[in-house]
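This is what each chain is made of:
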Amino acid sequence: MDIWLFYLFALVIVGASLGVIGQRSPMHSVLFLILSFGALAALYVQLDSPFAAVAQIIIYAGAIMVLFLFVVMLLNASHEDDDPGARAPVPVGVKVSGCLLALLLLVELTWALTRVGRPAVEKDAASADSVSSVHEIGRVLFTDYAFAFEVTSVLILVAMIGAVVLAKRKV
Amino acid sequence: MVTLDHYLILSALLFAIGTVGVFLRRNIITLLLSVEIMLNAVNLTFVAVGRYLGSVDGQIIVFFVMTVAAAEAAVGLALVIAIFRHGETLSPDAFTSLKW
């Protein structure tokens, strides 16, 4: 049962990701990516990680993708072929070498990532409880990772100021 | 039984799709979306390995990756708006104006 759910969601994720890069309208790309993120959140639930799943929906699909949608609508982003600034289509050489590089990357990543053997992810119910506990995540986040958490707030501040300065009309 | 390998191979596939997107598309917004796909492939790896090791560290790293993705999207989209205002185009070709 689990394996079929996994294949279903994996199919949706891969299909939607191919949809993102496969067609030329930015609006459709963003909507496909939201679909892909939703299916990814379902996989996180299967991995006993409800915190990651909820953060994925709220932060990624809810906040970051809406930001992208805003910009696509604000700029009235055209179909890729109608863009007056596009001088020439991507040369065939670049396309072929890009696909080759991605293929190499896929083979290499698969080889490197699967060196750990073939263990089952769900090992026992006891570790499922400890992994899915939001209480435990909060405790570790604010003790072991407290410094990284504070640095994150500086990063957000820098990004905010940077975005305001960049998008301002007169600097 | 879903094994760790299933998740890792799916993640490698997603990362490769993101790479292809960066090379094939000529729209700066779609390029940023491809980068988001790659970040999500890495997130999936963290969650799967964290589940395998029975530790919450994976999910905490995912939280930080999401923060970085949000910052990257904000700054990247601000750059896109600034350049669009300058040249009325979303093509990466227009980014040659960054060369002073």
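The structure displayed is predicted, hence computed values, not measured ones. (Residues numbered from 1 in each chain as written. Chains lettered and ligands numbered in written order. Predicted model: local features only at pLDDT ≥ 70, side-chain atom pairs only at ≥ 80, totals over all residues. Heavy atoms only, no water.)

Peer 1: In this structure, what is going on with helix H6 (residues 134-143) of chain A? I would like to understand it.
Peer 2: Turn by turn, an α-helix covers 3.6 residues, leaving residues three or four places apart pointing in a common direction. Turning to H6 of chain A, its buried residues are Ile 137, Val 140 and Leu 141 of chain A. Considered in projection along H6 of chain A, the buried side chains sweep an arc of 100° and stay on one side of the axis. (Buried < 20%, exposed > 50% of the residue type's maximum accessible area, 1.4 Å probe, protein only. Helix = DSSP H or I, 4+ residues; strand = E, 2+ residues; numbered from the N terminus. Arc of directions from axis to C-beta.)

Peer 1: Can you help me understand unusual backbone geometry in this one?
Peer 2: Of all residues except glycine, most have a negative phi; of all peptide bonds, most are trans. Residue and element names in this part refer to chain A. With a phi close to 60°, Asp 48 is a non-glycine residue in the positive phi region. Relative to the helices and strands, Asp 48 resides in the loop between helix H2 (26-46) and helix H3 (50-74). On the basis of relative accessibility, which here comes to 22%, the residue Asp 48 falls in the partly exposed class.

Peer 1: For this particular structure, what's the right way to read the interface of chain A and chain B?
Peer 2: Much of the literature gives interface size as the accessible area that the parts lose upon coming together. Taken together, the contact between chain A and chain B spans 92 residues of the former and 72 residues of the latter. Approximately 7,700 Å² of surface area, both sides summed, lies buried where chain A meets chain B, with 75% of it carried by carbon and sulfur atoms. At the junction of chain A and chain B, the tally comes to one salt bridge. Notably, a salt bridge pairs Asp 48 of chain A with Arg 51 of chain B, separated by 2.8 Å at the nearest N-O pair. Counting across the chain A and chain B interface gives eight residue pairs in polar contact (both at pLDDT 80 or more). At the level of secondary structure, the elements contributing two or more residues to the side of chain A that touches chain B comprise helix H1 (2-22), H2, H3, helix H4 (92-113), helix H5 (125-132), H6 and helix H7 (146-167) of chain A. Of all the elements, H3 of chain A adds the most residues to the side of chain A that touches chain B, at 13 residues. (Contact = heavy atoms within 4.5 Å. Buried area = accessible area lost by both parts, 1.4 Å probe. Salt bridge = Lys/Arg side-chain N within 4 Å of Asp/Glu carboxyl O. Polar contact = N/O pair within 3.5 Å; in protein donor to acceptor, adjacent residues only side chain to side chain.)

Peer 1: Even after reading the chapter, I still don't get the pattern of salt bridges, so can you show me in this structure?
Peer 2: Where charged atoms of side chains with opposite charge meet at close range, the side chains can pair. Residues and elements named next belong to chain A. Inspection of the entire model under this criterion finds two salt bridges over all chains. For Arg 139, the salt bridge goes to Glu 136, with nearest N and O atoms at 3.2 Å. Here Arg 139 and its partner Glu 136 are both found in helix H6, three residues apart, which amounts to about one turn of the helix. Take Arg 139: its relative accessible area is 43%, and that puts it in the partly exposed class.

Peer 1: When you look at the packing of H3 of chain A against helix H3 (residues 57-87) of chain B in this model, what are you seeing that I'm missing?
Peer 2: The description of two helices packed together rests on the angle between their axes and the distance between the axes. One can describe the packing of H3 of chain A onto H3 of chain B by two numbers: an axis separation of 11 Å at closest approach and a directional angle of 5°. As the angle between them shows, H3 of chain A and H3 of chain B are arranged roughly parallel. Between H3 of chain A, through Phe 51, Ala 52, Ala 55, Gln 56, Ile 59, Tyr 60, Ile 64, Leu 67, Phe 68, Val 71 and Leu 74 of chain A, and H3 of chain B, the contact on the second element is made entirely by Gln 59, Phe 63, Met 66, Ala 69, Ala 70, Ala 73, Ala 74, Leu 77 and Ile 81 of chain B. For the contact of H3 of chain A with H3 of chain B, the class distribution of residues is 18 nonpolar, two polar and no charged. (Axes fitted to C-alpha atoms, helices over the stretch in contact; angles between N-to-C directions. Parallel < 35°, antiparallel > 145°, perpendicular 65-115°, else oblique. Nonpolar A, V, L, I, M, F, W, Y, C, P; charged D, E, K, R; others polar.)

Peer 1: Explanation requested: the packing of aromatic side chains in the structure shown.
Peer 2: Each aromatic ring pair is summarised here by two numbers: the centre-to-centre distance and the angle between the ring planes. Taken as a whole and judged by the stated rule, the model has nine aromatic pairs over all chains. Between the aromatic rings of Phe 37 of chain A and Tyr 60 of chain A, the centroid separation amounts to 4.7 Å while the plane-to-plane angle is 50°, which identifies the pairing as tilted. Taken as a pair, Phe 37 of chain A in helix H2 and Tyr 60 of chain A in helix H3 lie far apart in primary sequence, 23 residues in all. Comparing Phe 37 of chain A with Tyr 60 of chain A, the two get one shared label, buried. Three or more aromatic residues link up through ring pairs in this structure, and these residues are Phe 51, Phe 142, Tyr 145 and Phe 149 of chain A together with Phe 63 and Phe 64 of chain B. (Phe/Tyr/Trp six-rings, centres within 6.5 Å; stacked < 30°, edge-to-face > 60°.)

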